[in-house]
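Here are the chains, one letter per residue:
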Amino acid sequence: QVQLVESGGGLVQAGGSLRLSCVAAGGTFSRYAIGWFRQAPGKEREFVAATNWNGGSTDSVDSVKGRSAISRDNTKNTMYLQLNALKPEDTAVYYCAARLWYYTHYASNYNYWGQGTQVTVSS
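Residues numbered from 1 in each chain as written. Predicted model: local features only at pLDDT ≥ 70, side-chain atom pairs only at ≥ 80, totals over all residues. Heavy atoms only, no water.

**Focus on the state of the cysteines**
Thinking step 1. Tallied over the entire structure, the rule returns 1 disulfide.
Thinking step 2. The disulfide partner of C22 is C96, and the S-S distance across this bridge is 2.1 Å. Across the S-S bond linking C22 and C96, the dihedral sits near 70 degrees, which makes this disulfide right-handed. Of this pair, C22 sits in strand β3 (residues 18–25) while C96 sits in strand β9 (residues 92–100), and the two are 74 residues apart along the sequence. Each member of the pair C22 and C96 is classed as buried. (Disulfide = S-S within 2.5 Å. Helix = DSSP H or I, 4+ residues; strand = E, 2+ residues; numbered from the N terminus. Buried < 20%, exposed > 50% of the residue type's maximum accessible area, 1.4 Å probe, protein only.)

Structure (structure tokens):
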């Protein structure tokens, strides 16, 4: 079993930045791909960004490309999502999720989930 805890969300003005963290316990962290998803009220959960087991391959949704960065520190069992130039449409609950080895864009493929951290961007 893997337990995931997100942190780093909050209220920020448009144009600001946040760094979200996902800390994992249990399992062997270096064997897991970590994905970030978000869900706004009335919307379906959508893929945001992910990294594979060794951080050598990453991906992100078009809406955050150029203003996001994803990384992981296996010594701290932590994955980070840096979001810059935040927009009101980025407002959502952000979740991290884990599966073995390789990331996908589909929430149903992930086995473990955190409880989410709220990101609110004011105009």
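**Let's talk about the packing of aromatic side chains**
Thinking step 1. Across all of its chains, the model carries 7 aromatic pairs by this definition.
Thinking step 2. With a centroid separation of 6.5 Å and 75 degrees between ring planes, the pair formed by Y95 and W113 is classed as edge-to-face. A residue pair is termed long-range when its members are at least 10 positions apart, and Y95 in strand β9 and W113 in strand β10 (residues 112–113) qualify at 18 residues.
Thinking step 3. Here Y95 falls in the buried class, since its relative accessible area comes to 15%.
Thinking step 4. Measuring from ring centre to ring centre gives 6.3 Å for Y110 and W113, while their planes differ by 65 degrees; the resulting arrangement is edge-to-face.
Thinking step 5. Relative accessible area serves as the criterion here: at 5%, Y110 is assigned to the buried category.
Thinking step 6. An aromatic cluster is defined as three or more aromatic residues linked by ring pairs; in this entry it consists of F37, F47, Y95, Y110 and W113.
Thinking step 7. A cation over a ring is seen here: R45 above Y95, with NZ or CZ 4.0 Å from the ring centre.
Thinking step 8. The positively charged end of R72 is found above the aromatic ring belonging to F29, 4.5 Å away from the centroid. (Phe/Tyr/Trp six-rings, centres within 6.5 Å; stacked < 30°, edge-to-face > 60°. Lys NZ or Arg CZ within 6 Å of the ring centre and 35° of its normal.)

**Brief notes about the sheet that holds strand β8 (residues 78–83)**
Thinking step 1. Spatially, β1-β3-β8-β7 is the arrangement adopted by the 4 strands of the open sheet, whose pairing is antiparallel. Strands at the two margins of the open sheet, each flanked by one partner only, are β1 (3–7) and β7 (68–73). Direction aside, neighbouring strands of the sheet carry axes that sit 15 degrees apart on average.
Thinking step 2. Bridge count between β3 and β8: 6 bridges; the pairing is antiparallel. Bridging from a neighbouring strand, C22 pairs with M79 of β8. (Pairing = 2+ DSSP bridges. Axes fitted to C-alpha atoms, helices over the stretch in contact; angles between N-to-C directions.)

**Side note on the pattern of salt bridges**
Thinking step 1. A complete count under the given rule lists 4 salt bridges for this structure.
Thinking step 2. In this structure, E46 and R38 form a salt bridge, with 2.8 Å as the shortest nitrogen-oxygen distance.
Thinking step 3. A salt bridge links D90 to R67; its shortest N-O distance comes to 2.9 Å. Here R67 lies in the loop between β6 (58–60) and β7 and D90 lies in the loop between β8 and β9, a separation of 23 residues in the sequence. One exposure class covers both D90 and R67, and it is buried.
Thinking step 4. Taken together, the shared-partner salt bridges connect R38, E46, R67 and D90 into one network. (Salt bridge = Lys/Arg side-chain N within 4 Å of Asp/Glu carboxyl O.)

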